[in-house]
Amino acid sequence: MSNEDLFICIDHVAYACPDADEASKYYQETFGWHELHREENPEQGVVEIMMAPAAKLTEHMTQVQVMAPLNDESTVAKWLAKHNGRAGLHHMAWRVDDIDAVSATLRERGVQLLYDEPKLGTGGNRINFMHPKSGKGVLIELTQYPKN
Ligand code: MC0
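Residues numbered from 1 in each chain as written. Predicted model: local features only at pLDDT ≥ 70, side-chain atom pairs only at ≥ 80, totals over all residues. Heavy atoms only, no water.

Details of the UniProt feature "domain: VOC" (unreviewed entry) in the protein
In step 1: On the UniProt side, "domain: VOC" (unreviewed entry) is annotated at positions that read residues 9-145 here.
In step 2: Strand forms 37% of residues 9-145 and helix 22%; the C-alpha atoms that close the span are 12 Å apart. (UniProt positions renumbered as here; feature names shortened; annotations may be inferred. Helix = DSSP H or I, 4+ residues; strand = E, 2+ residues; numbered from the N terminus.)

Remarks on the sheet that holds strand β8 (residues 140-144)
In step 1: Within the open sheet, the 8 strands sit side by side as β2-β3-β4-β1-β5-β8-β7-β6. Their pairing is mixed. Each edge of the sheet is formed by a strand with only one pairing partner; in this case those strands are β2 (34-41) and β6 (119-120).
In step 2: As paired strands, strand β7 (residues 126-130) and β8 are joined by 5 bridges and run antiparallel to one another. Paired with N128 across the two strands is L142, which belongs to β8.
In step 3: Contacts from helix α2 (residues 20-31) reach β1 (9-16), β2, β3 (46-52) and β4 (63-69) within the one sheet, and its direction differs from that of β3 by about 5°.
In step 4: Sheet strands touched by helix α4 (residues 99-108): β5 (88-96), β7 and β8. Its angle to β7, the strand with the most contacts, is close to 15°. (Pairing = 2+ DSSP bridges. Contact = heavy atoms within 4.5 Å. Axes fitted to C-alpha atoms, helices over the stretch in contact; angles between N-to-C directions.)

Comments concerning the UniProt feature "active site" (unreviewed entry) in the protein
In step 1: Summarizing the sequence annotation, UniProt attributes the feature "active site" (unreviewed entry) to E48 and E141 in the numbering used throughout.
In step 2: For E48, the position within the fold is in strand β3.
In step 3: Excluding its chain neighbours within four sequence positions, the residues that come into contact with E48 are H37, R38, E39, Q65, V66, M67 and T122.
In step 4: Along the polypeptide, E141 turns up in strand β8.
In step 5: In this structure E141 comes out as buried when scored by relative accessible area, which is 4%.
In step 6: In this structure E141 touches H12, H91, M92, A93, W94, I127, N128 and F129, once residues within four positions along its chain are discounted.
In step 7: Among the polar contacts listed, one links the side chain of E141 to the side chain of H12, at a separation of 3.4 Å. (Buried < 20%, exposed > 50% of the residue type's maximum accessible area, 1.4 Å probe, protein only. Polar contact = N/O pair within 3.5 Å; in protein donor to acceptor, adjacent residues only side chain to side chain.)

Quick look at the pairing of β5
In step 1: By the bridge criterion, 7 bridges tie β1 to β5 in an arrangement that is antiparallel. The partner of V13 across the bridge, within β5, is M92.
In step 2: The pairing of β5 with β8 spans 5 bridges and is classified as parallel. Looking across to β8, one finds that R95 is bridged to T143.

Let's talk about the site of the ligand
In step 1: Close to the ligand lie 22 residues; Q44, Q65, K78, H90 and T122 are nearest.
In step 2: In this structure, an oxygen atom belonging to the ligand sits 2.9 Å away from a side-chain N or O atom of Q65.
In step 3: Between an oxygen atom of the ligand and a side-chain N or O atom of K78, the distance comes to 2.6 Å.
In step 4: Listing elements by their share of the shell around the ligand, those giving two or more residues are β4, α3 (75-82), β5 and β7.
In step 5: The leading source of residues in the shell around the ligand is α3, at 5 residues.
In step 6: Here the residues of the shell around the ligand sort into 9 nonpolar, 10 polar and 3 charged. (Near = heavy atom within 4 Å. Nonpolar A, V, L, I, M, F, W, Y, C, P; charged D, E, K, R; others polar.)

Pasting the structure below:
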C-alpha cells in the first residue's frame, strides 16, 4: 500500500476514567459537548461513550471516546491502577479503509499489532492496536467502519 492510502484521519482520542457517566455529564454541562453513541464492549472490558462538540457526526470529525472499565480484569482497569486511579488519555484511533491491507503493510514495516485478526470495536467497526512500543510510547488503534 502507498503511504497516501494508509490512514484517513484521527477517528478518536480515548480518555480513560473510572466513571464514564460522570465524565460525559461534565463534558456536556461544561463544554456543551454531545453524546453521539454509547455501548458496552465486554470483550474489551469497557463502557464507552463517543462525544463531539457537534450533535451530528460529519465525515472526518475526530471524537473523544470517554471510556471506563467494566470490571477489574479490563485492560483499562489495569491502566488506571497503574496511574493511581487518575483519569487521562489512553490511546488514539486512526481510521483506515481496509484494515487487512493496512495491517499487512504495517507488519511488513515491522510494526507489532496486538491481534492476529481484527476484533469488534465501537459501532461494529473492525479494530486492532499497535503495541505502544511500535507507537513510540502511544497505544494506537486502527479502526475500520463497517462496509455497506
Ligand atoms: C500500556 N502501556 C501503554 C499503555 N498501556 N503505553 C501507552 N499507552 C497505553 N495506554 C505500556 C506500559 O507503560 C508498558 O511500558 C507496556 O506498555 C506494557 O504495559 P503493561 O502495563 O505491562 O500492560 P500489558 O502489557 O498487560 O497491556 C498493555 C496493552 C493492553 C497495550 C497490551 O493495554 C492492551 O491489550 N490494549 C489493547 C486493548 C485496549 O486497550 N482496549 C481498551 C480500549 P514499559 O515501557 O513499562 O514496558 S477498547 C476500544 O477502544 C474499542 C471499544 C474501540 O474504540 O472500538
